[in-house]
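Below, each chain spelled out in residue letters.
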Amino acid sequence: AMAAERALAMATCTAPVNIAVIKYWGKRDTDLILPINSSLSVTLHQDQLKTTTTAAASRDFTEDRLWLNGKEADVGHPRVQACLREVRRLARKRRGGAEDSARLSLSYKIHIASENNFPTAAGLASSAAGYACLVSALARLYGLEEELSEVARRGSGSACRSMFGGFVQWQRGERPDGSDSLALQVAPETHWPELRVLVLVVSGEKKPVGSTAGMQTSVETSPLLKHRAEVVVPERLAQMMQHIRDRDFEGFGQLAMRDSNQFHATCLDTFPPIFYLTDVSRHIIALAHRYNAHHGHTKVAYTFDAGPNAVIFALADAVAEFVEVLRRSFPPAANGDQFVRGLPVGSAALSPELVAAVVTEPVPGAVQYILHTKPGPGPQLLDDPSQHLLGTDGLP
């Protein structure tokens, strides 16, 4: 019975996207993926954005295989291989080198299927969720319990932060082997229940320069980036952790915006310069500042990663009004009903004063849609066999 039962072992996990509020940009070791500075992020809720991954192992598989969103992909990708290698190494170490017949053989080939519940093209940090999910599913398959953010980091730097929910710090670490460059939870998602997130997906072109290449050019050419990593970030990181502990939206929001702006300044300081923000991105930035100025304090805060999409933080009681401001500033082309997705958003009436001060020049169709979400938990295990992405034959 044991042999039959072990013919196919399978595990399925989900993992979240995260958005950095103190940005990671630049590696000091490109192979181990060690950053030049620590970073801090908010994990987003998986009801709106998640990756699901199934990993299966069988003595009958003849080769490792990988499927992404239903299409077969290159399992030989160096970063996928790094994760596979690390998980198998940990499993071997855990077993003390002894091959216990009751446990999954480490020599079995593996099949992996992964899919996102959001369009990859939308430029929403899919590599972070993807690698966090891969590592979680593999770890489950091999019965590992330990610190896995270090393994996820080998897939994608930001993936280590998706191994936890809520508010997460990726520590830069000091050791050359990277053993102290890992993620730690600063506070769980329950810590700040009123915090909300709006992802503004702008009518998107593909980003001009991928993050991996872009950040290394910045490391090599930007003196501003060096100053940021060594002087600015350590101070900001401590401040940001305090704002989160205090649930101080004013401090949190201002610092998030400043750090986003400085990250994009380092991109401009890179040679040749990198432009991730578009005219629409800059419109959104100006709109946020006009809106806050009208209210006399920080009600919304933007942050942008390596691309034009905006992520807006707000407290729950400000969401309906600001979404209405967005609807008037970027009137949806056709999909009026599909313009706001995710968590429900109430309706709001805008005062003529607000409209006059804030909604200056509408740009129809500039924002494809808005996704309303909130902070959420880390990777989850799916126990229900019907949720596996691979069949009993080990194929999608």
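The rules behind the values
- Residues numbered from 1 in each chain as written.
- Predicted model: local features only at pLDDT ≥ 70, side-chain atom pairs only at ≥ 80, totals over all residues.
- Heavy atoms only, no water.
- UniProt positions renumbered as here; feature names shortened; annotations may be inferred.
- Helix = DSSP H or I, 4+ residues; strand = E, 2+ residues; numbered from the N terminus.
- Rg over C-alpha atoms; globule rule 2.2 N^0.38 Å.
- Buried < 20%, exposed > 50% of the residue type's maximum accessible area, 1.4 Å probe, protein only.
- Contact = heavy atoms within 4.5 Å.
- Lys, Arg positive; Asp, Glu negative; His and termini not counted.
- Charge placed at Lys NZ, Arg CZ, Asp CG, Glu CD.
- Salt bridge = Lys/Arg side-chain N within 4 Å of Asp/Glu carboxyl O.
- Pairing = 2+ DSSP bridges.
- Axes fitted to C-alpha atoms, helices over the stretch in contact; angles between N-to-C directions.
- Expected span 1.5 Å × (residues − 1).
- Arc of directions from axis to C-beta.
- Polar contact = N/O pair within 3.5 Å; in protein donor to acceptor, adjacent residues only side chain to side chain.
- Parallel < 35°, antiparallel > 145°, perpendicular 65-115°, else oblique.
- Left-handed = near helix turned anticlockwise from the far one by under 90°.
- Nonpolar A, V, L, I, M, F, W, Y, C, P; charged D, E, K, R; others polar.

- An unreviewed UniProt entry lists the chain under the name Diphosphomevalonate decarboxylase, with Peucedramus taeniatus given as the organism.
- We quote the UniProt Catalytic activity (unreviewed entry) comment for the chain here in full: "(R)-5-diphosphomevalonate + ATP = isopentenyl diphosphate + ADP + phosphate + CO2".
- Word for word, the UniProt comment on the chain under Function (unreviewed entry) is "Catalyzes the ATP dependent decarboxylation of (R)-5-diphosphomevalonate to form isopentenyl diphosphate (IPP). Functions in the mevalonate (MVA) pathway leading to isopentenyl diphosphate (IPP), a key precursor for the biosynthesis of isoprenoids and sterol synthesis."

## Let's talk about the overall build of the chain
So, point 1. Within the chain one finds 10 helices and 17 strands.
So, point 2. Taking 2.2 N^0.38 as the reference for a compact globule, 396 residues should give roughly 21 Å; the C-alpha atoms of the chain span a radius of gyration of 22 Å, in line with that estimate.
So, point 3. With respect to the principal axes defined by its C-alpha atoms, the chain has extents near 75 × 45 × 40 Å.
So, point 4. When the 396 residues of the chain are sorted by exposure, 54% land in the buried category.
So, point 5. In the chain, the proportion of contacts linking residues at least 24 apart, taken out of those at least 6 apart, comes to 78%.
So, point 6. Considering the chain, the positive charge centre built from 40 side chains and the negative charge centre built from 42 side chains are found 2 Å apart.

## Things to note about the pattern of salt bridges
Where charged atoms from two side chains of opposite charge approach closely, those side chains can pair.
So, point 1. According to the stated counting rule, one finds 12 salt bridges in the structure shown.
So, point 2. Close ionic contact of Asp305 with Lys23 constitutes a salt bridge, the shortest N to O distance being 2.6 Å. Placement of the pair is Asp305 in the loop between β13 (300-304) and β14 (310-315) and Lys23 in the loop between β2 (18-22) and β3 (27-29), with a sequence separation of 282 residues.
So, point 3. Note on Asp305: relative accessible area 28%, which makes it partly exposed.
So, point 4. Among the residues examined, Lys23 registers a relative accessible area of 2% and is labelled buried.
So, point 5. Across the pair Glu86 and Arg89 runs a salt bridge whose closest N-O atoms are separated by 2.9 Å. Taken as a pair, Glu86 and Arg89 lie in helix α2 (residues 78-94) at a separation of three residues, close to a single helical turn.
So, point 6. Glu86 sits in the buried class, given a relative accessible area of 16%.
So, point 7. With relative accessibility at 38%, the residue Arg89 sits in the partly exposed group.
So, point 8. Linked by salt bridges that have partners in common, Glu86, Arg89 and Arg154 make up one network.

## Considering the sheet that holds strand β10 (residues 167-170)
Backbone-to-backbone hydrogen bonds pair the strands of a sheet. The strands run either parallel or antiparallel.
So, point 1. Taken together, four strands build an open sheet; the order of strands is β2-β5-β10-β11 and the sheet is antiparallel. Among the strands making up the open sheet, the edge pair consists of β2 and β11 (183-187). Averaged over all pairs of adjacent strands, the angle between their axes in this sheet comes to 35°, without regard to strand direction.
So, point 2. With four bridges joining them, strand β5 (residues 39-43) and β10 adopt antiparallel strand pairing. When the bridges of β10 are listed, Ser41 appears paired with Val168.

## Description of helix α8 (residues 279-295)
So, point 1. With 17 residues, α8 should reach 24 Å at 1.5 Å per residue; the first-to-last C-alpha distance of 25 Å fits that figure.
So, point 2. Turning to α8, its buried residues are Val280, Ser281, Ile284, Ile285, Leu287, Ala288, Tyr291 and Asn292. Along α8, the residues classed as buried sweep out an arc of 165° about the axis, all on the same side. Exposed side chains of α8 directed beyond 90 degrees from the buried face belong to Asp279 and Ala293.
So, point 3. Following α8 by one or two positions, Gly296 has its phi on the positive side, about 80°.

## With respect to the sheet that holds strand β7 (residues 65-68)
So, point 1. The six strands are arranged β8-β7-β9-β6-β1-β17 in an open sheet whose pairing can be described as mixed. In this open sheet, the two strands that pair with only one neighbour each are β8 (71-73) and β17 (380-382). If you compare each strand with its neighbour and ignore which way they point, the axes differ by 25° on average.
So, point 2. Relative to strand β6 (residues 50-58), strand β1 (residues 8-16) runs antiparallel, the two being bridged by nine bridges.

## Topic: unusual backbone geometry
In most cases, non-glycine residues show a negative phi, while peptide bonds are predominantly trans.
So, point 1. Cis geometry is adopted by the peptide bond preceding Pro272, which originates at Phe271 and carries an omega value of -5°.
So, point 2. Among the structural elements, Pro272 can be located in the loop between α7 (249-269) and α8.
So, point 3. In this structure, Asn69 is a non-glycine residue whose phi angle is positive, near 50°.
So, point 4. Residue placement: Asn69 occurs in the loop between β7 and β8.

## What about the side chain of His191?
So, point 1. Its location among the elements puts His191 in the loop between β11 and β12 (195-202).
So, point 2. Judged by its relative accessible area of 18%, His191 falls in the buried class.
So, point 3. Within polar-contact distance, the side chain of His191 engages the backbone oxygen of Ile244 at 2.7 Å.
So, point 4. Ignoring anything within four residues of it in the chain, the contact list for His191 reads Ile244, Arg245 and Arg247.

## Concerning the packing of α8 against helix α9 (residues 316-329)
So, point 1. Running from amino to carboxyl end, α8 crosses α9 at an angle of 130°, the nearest separation of the two axes being 12 Å. The angle between α8 and α9 places the two elements in the oblique class. Two packed elements cross with a definite hand, and for α8 against α9 that hand is right-handed. Counting all contacts with α8, which are made through Leu287, Tyr291 and His295, the residues of α9 involved are Ala318, Glu321, Phe322, Val325, Leu326 and Ser329.
So, point 2. The class makeup of the residues in the contact of α8 with α9 is six nonpolar, two polar and one charged.

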